[in-house]
Amino acid sequence: MTLSLTFHGAAQTVTGSCLELRHGRSRVLLDCGLFQGSRSLEALNHEPPPFDVAGLDAVIVSHAHIDHSGQLPRLAKEGYQGAIWCTPETSDLLEFMLADAGRIQEAEAERRNRRRDRAGDDPFEPIYTEADAMAAWRLTRPVPLCTWFEPGEGFRMRLWNAGHILGSASVEVEAGGTRLLFSGDLGPNNKAFHPDPDSPAGLDHVICESTYGDRARQRVTIEERRRLLEAEILAARTRGGNLVIPVFALERTQELLLDIAALSSSGRIGQAMVFVDSPLANRATLAFRKYADQLEDTDGRDPFGHPSIRYVNDVAESMRLNSVSGAIILAASGMCEAGRIRHHLFHNLPRRDSTVLFVGFQAEGSLGRVILEGAKRVRISGRDVQVRAQIREIDSYSAHADQTELLAWIAARAPITGSLFLDHGEAGSIAELRRLAESQGLARSLIVPEIGETWELPPGAPAKRIKTGRTELRPALGRDWQNEYADLATSLKRRLANIRDAEARQKAIAQMRAVLDSYADFREDKQRRREIRRGQGKGRA
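Being a predicted model, the structure only gives us computed values, none of them experimental. Per chain, residues are indexed from 1 in the order of the written sequence. Per-residue local features of the predicted model are confined to residues with pLDDT of at least 70, and side-chain atom pairs are confined, for both listing and counting, to 80 or more; whole-chain, interface and lining totals are unaffected and use all residues. Hydrogens and water molecules were not included; the side-chain quantities draw on all heavy atoms of the structure.

Participant: Mind showing me how you'd approach the overall build of the chain here?
Facilitator: Helix and strand definitions here come from DSSP, where helices need a minimum of 4 consecutive H or I residues and strands a minimum of 2 consecutive E residues; each element is numbered from the N-terminal end. Within the chain, the regular secondary structure consists of 15 helices and 22 strands. The C-alpha atoms of the chain give 25 Å as radius of gyration, which agrees with the globular expectation for 541 residues (24 Å, within 12%). Across the 541 residues that make up the chain, the buried fraction comes to 55%. Of all intrachain contacts in the chain linking residues separated by at least 6 positions in sequence, the fraction that spans at least 24 positions is 74%. Calculation of accessible area relied on Shrake-Rupley with a 1.4 Å probe; when residues are assessed, cover is drawn exclusively from the protein chains displayed. Looking at the chain as shown, the accessible area adds up to about 23500 Å², and 49% of this sits on carbon and sulfur atoms. For the radius of gyration, the atom set is restricted to C-alpha positions; the globular benchmark scales as 2.2 Å times the number of residues to the power 0.38. Exposure categories follow from relative accessible area, calculated using a 1.4 Å probe and restricted to protein chains: below 20% of the type maximum is buried, above 50% is exposed, and the middle band is partly exposed. Should any heavy atoms of two residues lie within 4.5 Å, those residues are considered in contact.

Here it is as structure tokens:
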């Protein structure tokens with residue numbers, strides 16, 4: 001019985017991590033994450049699960065980020081009652097990460113149904129609820145690092161430190177004589193709070209993430225990183241407005257608080273006024289405090305209790321931040337796709353004296369990526385917003401290994417006697433990492449899978465594809481038509497106004513309508529021809 005592997009997500013994209021392993025009658029998932037990014041990509045979250053939920057034996061979660069865990073409540077909603085294996089830290093984090101995801105799903109459904117531009121459309125249903133999320137969390141089964149466990153018949157697994165976030169792990173798998181290693185998300189060397197990643201060597205097959213496969217970051221120490229942040233804080237203060245930082249509630253927020261507390265205590269940024277406007281980030285910070293004795297770089301102090309830091313949970317208090325200036329506002333989500341950050345962007349993007357500082361990866365098609373790439377106008381919750389604020393970026397806070405570190409991690413797994421799979425990356429990142437890995441001879445066989453592909457994983461031999469992927473999904477993996485529509489819609493009125501002659505303006509509008517009508521006429525004509533052919537076929541019968 002050969003072990004098989006199916007990619008249900010995070011193949012040529014950075015979200016929706018979900019892999020299915022089959023061995024005999026046993027079926028196990030590695031991660032079960034939510035797709036994030038463009039609306040076309042997010043629409044995949046609403047499709048029926050691409051696997052038989054009732055037939056699953058177990059789920060193993062590499063870490064608590066929503067793109068790796070955010071579909072667990074969907075499993076519970078569909079009736080899954082098996083174990084969800086993870087580290088103790090991940091179990092603690094999932095309690096509130098999943099609950100928050102459930103609340104967001106409910107709130108987003110309600111918000112979309114209230115939008116005037118959806119009047120008359122079918123009601124938008126949440127993927128799952130907060131109750132489903134808590135049901136999923138109660139299925140978690142914590143297991144320490146480097147401890148063997150058996151999640152299903154014929155499977156033996158153990159978790160290794162991935163150095164990415166609190167509790168993150170790589171997953172070693174033994175089944176049917178095959179040894180497999182799933183990297184999960186790998187952290188960079190010398191990252192704050194956590195030791196460097198660690199995993200076994202001498203494997204049959206390896207699945208490695210490729211998020212930053214196309215770039216090598218400049219090596220910076222924590223002190224050098226703090227100097228970069230100090231410069232951004234002081235420059236924002238000189239401009240007079242707020243410094244708005246979109247953050248991932250888990251890990252990125254805590255790293256920033258570590259540095260802000262150090263800069264404030266040393267007097268380098270004066271009397272900082274810091275608001276952490278994310279109930280989820282605030283609860284994650286409590287988990288960091290619980291495991292404080294395991295964290296590096298805190299110098300034995302509690303950086304999260306610094307007097308300059310105020311934790312905002314109440315909605316009314318969050319809204320009162322609209323009237324402040326000169327504050328540092330940390331708000332989730334990190335890619336600006338949901339949560340309170342959208343509220344702060346709506347109020348601060350039009351202000352020339354405000355600054356928006358990105359400190360994390362922005363997936364293609366996400367609002368954060370659109371802003372970072374220089375959009376002059378964006379749409380937030382159905383409303384047009386002009387971008388006048390200063391847009392800045394620091395990439396030294398990344399929780400992902402860069403190109404050099406990924407190649408070193410792969411090399412340290414040698415020998416890889418079967419295949420190396422590169423997943424969890426955009427097309428350009430994977431292509432560059434693949435080129436370098438091939439040039440360095442890091443694996444006998446190197447594979448870039450697509451969503452939906454299934455591979456046999458024999459021991460000591462290259463993987464064999466036994467099912468092709470969903471090629472129709474390729475257009476959804478980057479910028480989609482809704483990104484292009486938002487770009488057009490936000491600039492349309494201005495562009496029409498630039499046509500000085502009223503008659504010419506009317507003509508331009510008529511031409512646009514004619515183009516759209518031509519597509520509708522084409523579809524109707526195609527449908528009529530199809531019906532005629534169907535009728536002729538019945539007549540011949």
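Participant: What is the right way to look at the sheet that holds strand β1 (residues 3–7) in this model?
Facilitator: Paired through backbone hydrogen bonds, the strands of a sheet run either parallel or antiparallel to each other. If you walk across this open sheet you meet the eight strands as β6-β5-β4-β3-β2-β1-β21-β22, and the pairing is mixed. The open sheet terminates on both sides in strands that have one partner only, identified here as β6 (140–142) and β22 (464–467). Strand-to-strand, the axes of this sheet are offset by a mean angle of 30 degrees, without reference to chain direction. Of the strand pairs in this sheet, β1 and strand β21 (residues 454–457) are connected by four bridges, and their pairing is antiparallel. If you follow L3 over to β21, its bridge partner there is L457. In this analysis, strands are considered paired if DSSP registers two or more bridges between them. In this description, a line fitted to the C-alpha atoms serves as the axis of each element, helices being fitted only across the stretch in contact, and the angle between N-to-C directions of two axes falls anywhere from 0 to 180 degrees.

Participant: It is not clear to me how the layout of surface pockets should be interpreted in this structure. Could you clarify?
Facilitator: Here the idea is plain: a probe the size of a water molecule rolls over the atoms and shows the empty space left. Space inside the second largest pocket adds up to approximately 410 Å³. Lining the second largest pocket are 27 residues, and of these H8, P48, P49, P50 and F51 lie nearest its centre. Contributions of two or more residues to the lining of the second largest pocket are made by β2 (19–23) and α3 (72–77). Only Asp, Glu, Lys and Arg are considered charged, only Ala, Val, Leu, Ile, Met, Phe, Trp, Tyr, Cys and Pro nonpolar, and every remaining residue, Gly among them, polar. Its residues assigned to classes, the lining of the second largest pocket shows 11 nonpolar, eight polar and eight charged. Each cavity reported here is a set of points on a 1 Å grid over the protein atoms alone in which a 1.4 Å probe fits but cannot get out, each pocket an open set with protein on both sides within 12 Å along at least five of seven lines, and each lining residue one with an atom within 4 Å of a point. Grid points are joined across faces, edges and corners, and a volume is the space filled by probe spheres set on the points.

Participant: Help me understand the nonpolar core, please; the structure alone is not making it clear to me.
Facilitator: Soluble globular proteins: nonpolar side chains tend toward being buried together. Here, nonpolar core refers to any group of buried Ala, Val, Leu, Ile, Met, Phe, Trp, Tyr and Cys residues whose side-chain atoms link them within 4.5 Å. One finds L72, L75 and M157 to be the most contacted residues of the largest nonpolar core, which totals 100 residues. Ranked by the residues each element gives to this core, the list is headed by helix α4 (residues 88–114), at six residues. Apart from residues lying up to four places away in sequence, L75 is in contact with L29, C32, F51, V53, L56, V59 and Y80. Within the second largest apolar cluster, 20 residues are counted, among which are L186, I410, L420 and L433.

Participant: Sorry if this is basic, but what is going on with helix α12 (residues 403–411) here?
Facilitator: Structural remark: α-helix, 3.6 residues per turn; residues separated by three or four positions point the same way. The complete set of buried residues in α12 reads Q403, E405, L406, L407, W409 and I410. Each element contacted by the buried residues of α12 is listed here: β8 (169–175), β9 (178–182), β10 (205–209), β19 (419–423) and α13 (427–439). By the N-cap criterion, in which a side-chain oxygen at the helix start approaches the backbone nitrogen of a residue two or three places on, α12 is capped by D402, the distance to T404 being 3.3 Å. Contacts described as polar in this section are N or O atom pairs within 3.5 Å, which, within protein, must combine one atom able to donate a hydrogen with one able to accept it, while residues neighboring in sequence count only if both atoms come from side chains.

Participant: Before we go on, may I ask you to explain the packing of α4 against helix α8 (residues 279–290) in this structure?
Facilitator: In a packed pair of helices, the relevant descriptors are the angle between the two axes and the axis-to-axis distance. The contact between α4 and α8 brings their axes to 9 Å, and the two run at 175 degrees. Regarding the angle of α4 to α8, the classification is roughly antiparallel. Across from D92, L93, F96, M97, D100 and R103 in α4, the residues of α8 making contact are L280, R283, A284, A287 and K290. For the contact of α4 with α8, the class distribution of residues is six nonpolar, no polar and five charged. Orientation categories follow fixed angle ranges, with anything under 35 degrees roughly parallel, anything over 145 roughly antiparallel, 65 to 115 roughly perpendicular, and all other angles oblique.

Participant: For this particular structure, what's the right way to read the side chain of N161?
Facilitator: Mapped onto the fold, N161 is located in strand β7 (residues 156–161). When its relative accessible area of 16% is taken as the criterion, N161 is described as buried. A distance of 2.9 Å separates a polar atom in the side chain of N161 from the backbone nitrogen of G163. Within polar-contact distance, the side chain of N161 engages the backbone oxygen of P195 at 3.3 Å.

Participant: I keep staring at the packing of α12 against α13 and nothing clicks. Help me out?
Facilitator: With their axes 11 Å apart at the nearest point, α12 and α13 run at an angle of 45 degrees to one another. Taken as axis vectors, α12 and α13 run oblique relative to one another. The chirality of how α12 crosses α13 is right-handed. Two secondary-structure elements touch here, α12 through Q403, L406 and L407 and α13 through E432, L433, L436 and A437. Looking at the contact of α12 with α13 residue by residue, the classes come out as five nonpolar, one polar and one charged. What makes a crossing left-handed is the near helix being turned counterclockwise from the far one by less than a right angle; a clockwise turn instead makes it right-handed.

Participant: I tried to follow empty space enclosed by the protein on my own but got confused; where do I start?
Facilitator: All told, the structure shown has four cavities of 30 Å³ or more when counted by the stated rule. Empty space within the largest cavity amounts to approximately 60 Å³. In terms of lining, the largest cavity is formed by I233, A236, R237, G241, N242, L243, G326, A327 and I328. Considering each element in turn, the lining of the largest cavity owes the most residues, three residues, to helix α6 (residues 222–239).

Participant: Would you mind showing me how to read the pairing of β7 here?
Facilitator: For β7, the tally of buried residues reaches five of six residues, placing the bulk of the element in the interior. Pairing analysis gives six bridges linking β7 to β8, with the strands arranged antiparallel. Across the sheet, residue W160 finds its bridge partner in β8, namely S170.

Participant: How should I be thinking about the environment of A504 in this particular structure?
Facilitator: As for its placement among the helices and strands, A504 is situated in helix α15 (residues 502–540). A relative accessible area of 31% places A504 in the partly exposed class.

Participant: Explain the environment of L263 to me, please; I cannot follow it from the model alone.
Facilitator: Looking at the secondary structure, you find L263 in helix α7 (residues 252–265). Along the primary structure L263 and E230 are separated by 33 residues, whereas in three dimensions their C-alpha atoms are 7.2 Å apart. Beyond its immediate chain neighbours, meaning those up to four positions away, L263 contacts R226, L229, E230, I233, R268 and I269.

Participant: Would you mind showing me how to read unusual backbone geometry here?
Facilitator: Note: most residues except glycine have negative phi, and most peptide bonds are trans. Cis geometry marks the peptide bond from A332 to S333, where omega comes out at 15 degrees. Within the element layout of this structure, S333 appears in the loop between β14 (328–331) and α10 (341–348). The amide bond that connects A414 to the next residue, P415, takes the cis arrangement and shows omega of -5 degrees. Structurally, P415 is set in the loop between α12 and β19. You will see that N190, though not glycine, has its phi angle at about 60 degrees, which is positive. Of note, N190 is situated in the loop between β9 and β10.

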